[in-house]
Amino acid sequence: MNSRSSALPYIQVSPLALVLILFFSIPVALVLLVSFFRYQMLVGIVPDFTFKNYADILTNRTNWMLYWSTIKFALIVLAITGFIGFWISYFLVFHVRNLVTAIALFLVCTVPFWTSNIIRMISWRPVLGREGVINQALVGSGLTDQPVEWLLYSDFAVVIAYVHLFTLFMIVPIFNSMARIDKSLLEAAVDAGASRWGVIWNVVLPLSKTGIALGTLFVVTLVMGDFSVVTVMSGGLSGSAASAIFNDLQFLNYPRAAANAVILLIVVLLIASAIFRLVDVRKELVR
Amino acid sequence: MNFTPVTAPSGASVTDTSNSGEIRLVDLTKKFGDTHAVKDINLTIPHGSYCCLLGPSGCGKTTILRMIAGHEAPTSGEITIGGTSVLGLPPVQRGTAMMFQSYALFPHLSIRDNVAFYLKMRGVGRDERRKRADEMLERVQLAHLRDRMPAQLSGGQQQRVALARSLITNPRVLLLDEPLSALDEFLRLQMRVELKTLQAELGITFVHVTHTQPEAIALADMVVVMDTGRIDQAARARDIYNSPATPYVARFMGAQNVLTGKVESIEGGIAKLKSARGETFELAPQKAAPAVGDDLSFSVRRDYITIHKRADAETQTATNSVLGTVDSIEYQGNFVKVSLQVPGLDTFVANVPDHDYFIEPIGPGDAVTASWDKKHAHVLDRVDTGASEPYAAH
Amino acid sequence: MPSSQDRRPWTFYVLSLLMLLFVLFLYGPMISVLVLSFQGPSASLNFPLRDPSLIWFDELFNPTRVGDVPGAFSRSLPLALVVMVLTVLISVTAGFGFRHRFRGSGPLFYMAIASLIIPGLVLSIGILVTAQFLGLSASWYGTALGAHLTWTLPFGLLIMFAILGRLSPSYEEAAFDLGASRWQSIKDVVVPIVFPGMIAVALFGFTLSYDEFPRSWLTVGTRNTLPLEIWTMTTNVTSPALYALGTVTTVISFFVIAVALGSIILIQRRRSK
C-alpha cells in the first residue's frame, strides 16, 4: 500500500511526533541548557555557560554514594524480579494446561499494575511496621521478644516495595516471549535427551532473552529514576540518584538540579543502549 | 542421500539389548477430558517396516505417534518397543526420535549446533560434537550451510536438518509427524523418494503420520487407516486399496464405489442381493458365507465400472448395474473420471480409460447404465451406514 | 515435556507455591489497607480492626482536616479521561503509521522509548523549565497533560505494535479489493479487529495518568492531582483517612479495570459465537 499514498504514514505519526517533541525533546534540550546556567542565591537562575554545576556534583562524595546506592538497589531488585518474573512466566506458559486459567492467573498478576503506586507502597506500613502484621505475628508466636525494627524504614523495606511495584514489568515481557516459544521445541530437546534443566537452560532461557532484556530495561530505569519509594520506605535514611535532584529542587537550585538530571539521564540511556545492543528489541516489538 | 547406520555414541547407555524396533500397542486408550482421542488400539508394527498412519485430521493418528514418542502418556494400555515396555521412559531411552511437522529447529542455534544438541546433552566435548555433527550434515549434503541459522534455510533444507538432528540419536524408531506437508509439490515428491530410500538403508522402523492417501500408498509397507479414535484397517497398501475392510476405508481411499443390498438367495455359493431401490447384485463366493436376509455392503473399484448410454425410457436394470445421470466429466490424462448421479447414492464414479471414453463420448446430463462383473465386487466387513466422508479422496 | 505428561512433575508444585506466595505478596498489603480503612475512632493505623466504621471516609470529604481530596478528584478524573482519549487516538493512528516504512521511523521509535524510560522527575523539570521559558505557568490541564502523554503514548504504541503485528495486511487489502474506500476499510474492517486492543490502550491511558506521581510533581502547578494529594498526606496525615483514600482510589481503579476487561471479554465472546 506504500504506493497508494506515501504521505499517509507521516500524517499518521505526526500527532505522536508533535507531542513527543513538545513535551519530551524540547524539555530535555532545555534541561541540558539550564544545566550550564548559574544559580545565585535570592536572584535565582542566571543564564551562563559554566561547568560549575557538573563539577560540584562530580566532586561531591555524597552524590557518588547516592549513585552507588541506587545501582546496588537496581541490581538487587533486578535479581529478585528477574527470578520471580522468569519462574512465574514459566509456570503460566508451560505448567498451566488450561488456557483460560493461564489468562486468569496472568491477569491476577497484572491488575495491581493499574492501581496507584503510592497507595501500594503505603500499604506496606500496616504489614511491616513496628506494630504491623508481621511483628504482631512474630511477637505473638514468641519467636522474638521485641518487634523487629528493620522491617519498615530500612533498605529492606525499599527493596520489598520495589519488588512489589516493578515485578509486573518483568513478568509481562517475559511471559510474552515465552508464550511465543513453539512447544515442539521443548519436545525436540527432550527427544535429544535433555533433562528438565537442560531444556530450560538450552531452549527456554535463550528464547526468553528479549523478554528478559525488555523487563531489565523497565526495572533498571524505574529504580534509577525513583525518589518517592526510597524516600518513604527508608524513612529518609537512604537516597537515590533522583533524590539528589529532588533536594536541589527543594532549594530552588534549578541549574544544579538540571545538571543532576542530565547525568542521571546519561546513565539511564547508557544502560538502555547497552541492553538494546545485546538484543534487537525493536525487531522483536515490531514483528 | 547416502545414509549408513551410525554406530552408537560412546558412553551411550542402551537400555534394551534387542535393539529391535518392533512396536506393539496393546489396548491403548487416550482420553482428553471426557473425549477419547484414541480408544482400545491394538497394533503391531514389525521391526524395520515403513508404517503410515493415515486418516483425516482429528482421527487420533498424531496422538498415537506422540504416545509412542513419550510426549503424551496413555490413559490406559501398553506400549512396547523391541519387546519391553517403554511407558514412563524418556524418548532417548525408548530409542525413538521424532521429526516434527514444524521441524522444531532451535531458532537460536546454528545448523551445526542444532544437529549437535543431542551430543551436548550427553556431555560430549565440543570438538568431538562438532566433528560428528559435521559428519551428519555431510550425509544430508548440508555441510556447507552449517553456520547458518534455521530461519536462513529453505523448507527442504530445514527438513534435512531436522532429519539429521533426529538420526544423530541413532534411533531404532523414527517418528515422522506430517513430514511433507510444509513442502511444495515438487519437493514433496522428491523427499518422498528420499525418505523411502533412507528407511531401506537404515533398516529401522519408520512411523509416518499423514492425511494424504497417495503418500501413504507410495511409501508404506503397512498402512493403518484410522477413523475417529480407532483403527479401521491395518494392512499392506495393495490390500487397503483393493480389499478395503469397511465402507469408511473404501470411501477414504477413494478408488471404490460402495453399494448395499439385502441377501435374497444363495445359489451355488453366489449370493443374490436386492437393493432398496430394486437393483439386483451378485456376489462371488466369500470366505464367510452370508445368510439369507442379511444386509451386505460391497465395493467395486472405479476402474472396473463400464458405462453405456441408454435411452431415457429404459428404466429396467440388468443384474450388477445401476442407472444414473452423468454429473460431471474430468479428464485425468490416462483416464476420464465420470461422476454419476445415482438416486439414493452419495457418489458413484467410473474411471473410464482414455481411449474407451473417446470411442463413445458422453457428457453431463446423459442417461447411462453403469455395470460391472460380479468377480470385482468385494464384500465389506461392515454394513454401510451411508455416512459421507468429507475427507475422502476423489 | 512438563505440560503434556499426565503426572505433574514436582516443579509444578514448587512453582504453584511460588505463584501463591507471589499473589499473596501482591494483594496482602492492599487488602490490609482496605480492611484498616474501616478502622473505628481509635484511629489505630494497625490491626486489629476495632469498632468498624466509615468515619475515615467521611473525613476525606472534610477538607479542613486532610486537605482538598474532593478537589483533587475533580482534577484527576477529567485529566485521566482526556489523557485516555488522546492516547487512544494518537497511539492507534501512529501504530498504523509504523506499519509502513517511512523515513525517520527509527528515530521516532527511539524517541518514544526514551520518553518511556526517562526518569519522571527529569521530565518534570524539563517541562517546568520549558513553560517558564515560554512565560506560561504550569497547570494540570496543560503541562501535566503533556507530561502524562509522554508516558502513556509510548505504552499505547507498544500495545499497538503487539496487536497490529498479528493483523495481516491482507484484511485491509481484501477490503480494498471489495471496493471499500480507505476510510470504509478502516471503519468496517480494521477498527473492529483491533477494537479489544484499543480498549487495552484506553485502560493504560486512564490508569497511568490517574496514578502518575513523578511526572505530575512539578507540572500540575498550584492545584494538586490525587497522587500528589496522597503524597502530601503520607507525610502529614497519621490517621486511617489515608487508608480510606487508598481504598477509594483503588476501588475506582478496579472499576475501570473491570469495565475494560469485561468489555474485551464480551467482544471476544460475541465474536466466537
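Residues numbered from 1 in each chain as written. Chains lettered and ligands numbered in written order. Predicted model: local features only at pLDDT ≥ 70, side-chain atom pairs only at ≥ 80, totals over all residues.

### With respect to the overall build of chain A
Inclusion rule: What counts as a helix is a DSSP run of H or I of at least four residues, what counts as a strand is a run of E of at least two, and both are numbered from the N terminus. Exposure in this text rests on C-beta crowding, where 20 or more other C-beta atoms within 10 Å of a residue's own make it buried, 12 or fewer make it exposed, and counts in between make it partly exposed. The C-beta atoms are placed from the backbone.
Counting its secondary structure elements, chain A contains 15 helices and two strands. In terms of its C-alpha atoms, chain A occupies a principal-axis envelope of roughly 75 × 75 × 30 Å. Buried residues in chain A amount to 48% of all 287 residues.

### A look at unusual backbone geometry
Residue and element names in this part refer to chain A. In this model, Y153 sits at a positive phi of 55 degrees, which is unusual for a non-glycine residue. If you trace the backbone, Y153 turns up in the loop between α7 (133-140) and α8 (155-179). A tally of 20 C-beta atoms within 10 Å means that Y153 is categorised as buried. In this model, L252 sits at a positive phi of 60 degrees, which is unusual for a non-glycine residue. Topologically, L252 is positioned in the loop between α13 (241-250) and α14 (254-278).

### With respect to the pairing of strand β10 (residues 230-235) of chain B
A regular strand places its side chains on the two faces of the sheet in alternate fashion. Residue and element names in this part refer to chain B. Let me state the cut-off plainly: Pairing between two strands requires that DSSP report at least two bridges joining them.
Note that strand β9 (residues 222-227) and β10 share five bridges and pair antiparallel. In the sheet register, V224 faces β10, and the bridge partner there is A234. Connecting β9 to the antiparallel partner β10 that follows it, the hairpin turn spans two residues, and G229 within it adopts a positive phi of roughly 80 degrees.

### Observations concerning the environment of C52 of chain B
All names here are of chain B. Counted only if it meets this: C-beta atoms are placed from the backbone for every residue, and two residues are taken to be in contact when these atoms lie within 7 Å.
Mapping C52 onto the fold places it in strand β3 (residues 50-54). Classification of C52 as buried rests on a count of 27 C-beta atoms within 10 Å. With near-sequence residues (within four places) excluded, C52 lies in contact with H208, T210, A216, L219, A220, V223 and V224.

### Focus: the pairing of strand β19 (residues 367-371) of chain B
Residue and element names in this part refer to chain B. Judged by which residues are buried, β19 turns out to be one-sided: V368 and A370 face inward and are buried, whereas A367, T369 and S371, on the alternate face, are not. Note: strand β15 (residues 306-309) against β19, four bridges, orientation antiparallel. In the sheet register, T306 faces β19, and the bridge partner there is S371.

### Focus on the packing of helix α4 (residues 69-97) of chain C against helix α7 (residues 143-164) of chain C
Residue and element names in this part refer to chain C. This is how the line gets drawn: All axes are obtained by fitting lines to C-alpha atoms, using only the stretch in contact for helices, and the reported angles, taken between N-to-C directions, cover 0 to 180 degrees. Just so you know how the angles are binned, under 35 degrees is roughly parallel, over 145 roughly antiparallel, 65 to 115 roughly perpendicular, and the rest oblique. It is the rotation of the near helix from the far one that decides the hand of a crossing: anticlockwise by less than a right angle makes it left-handed, clockwise makes it right-handed. Three categories are distinguished: nonpolar for Ala, Val, Leu, Ile, Met, Phe, Trp, Tyr, Cys and Pro, charged for Asp, Glu, Lys and Arg, and polar for the others, with Gly belonging to the last.
At a minimum axis distance of 8 Å, the contact between α4 and α7 shows a crossing angle of 45 degrees. One element, α4, and the other, α7, form an angle in the oblique class. Crossing hand, α4 versus α7: right-handed. Across the interface between the two elements, L79, V82, V83, L86, T87, I90, S91, V92, A94 and G95 of α4 pack against A144, L145, H148, L149, T152, L153, G156, L157, M160, F161 and L164 of α7. Across the contact of α4 with α7, the residue classes tally to 15 nonpolar, six polar and no charged.

### A word on the confidence of the model for chain A
Just so we agree on the cut-off: Note on scores: pLDDT gives the predictor's confidence for each residue, bounded by 0 and 100.
With 95% of its residues at a pLDDT of at least 70, chain A reaches an overall mean of 87. By mean pLDDT, helix α15 (residues 281-286) of chain A is the weakest element of chain A at 62, and helix α3 (residues 61-95) of chain A is the strongest at 94.

### Observations regarding the sheet that holds β3 of chain B
Across a sheet, paired strands are connected by hydrogen bonds in the backbone, their directions being either parallel or antiparallel. Residues and elements named next belong to chain B. If you trace the six strands from one edge of the open sheet to the other, you get β6-β7-β8-β3-β9-β10, paired in mixed fashion. Strand pairing shows two members of the sheet lacking a second neighbour, β6 (96-99) and β10, which therefore form its edges. Each neighbouring strand pair of the sheet contributes to a mean axis angle of 20 degrees, computed without reference to strand direction. Summarising the sheet, β6 and strand β7 (residues 173-177) pair through four bridges and their orientation is parallel. Counted as the bridge partner of A97 is L174 from β7.

### Observations concerning the interface of chain C and chain A
Each partner contributes to the interface: chain C provides 75 residues, whereas chain A provides 80 residues. Ranked by the residues each element gives to the side of chain C that touches chain A, the list is headed by helix α1 (residues 10-36) of chain C, at 15 residues. Of the residues contributing to the side of chain C that touches chain A, the split by class is 51 nonpolar, 22 polar and two charged.

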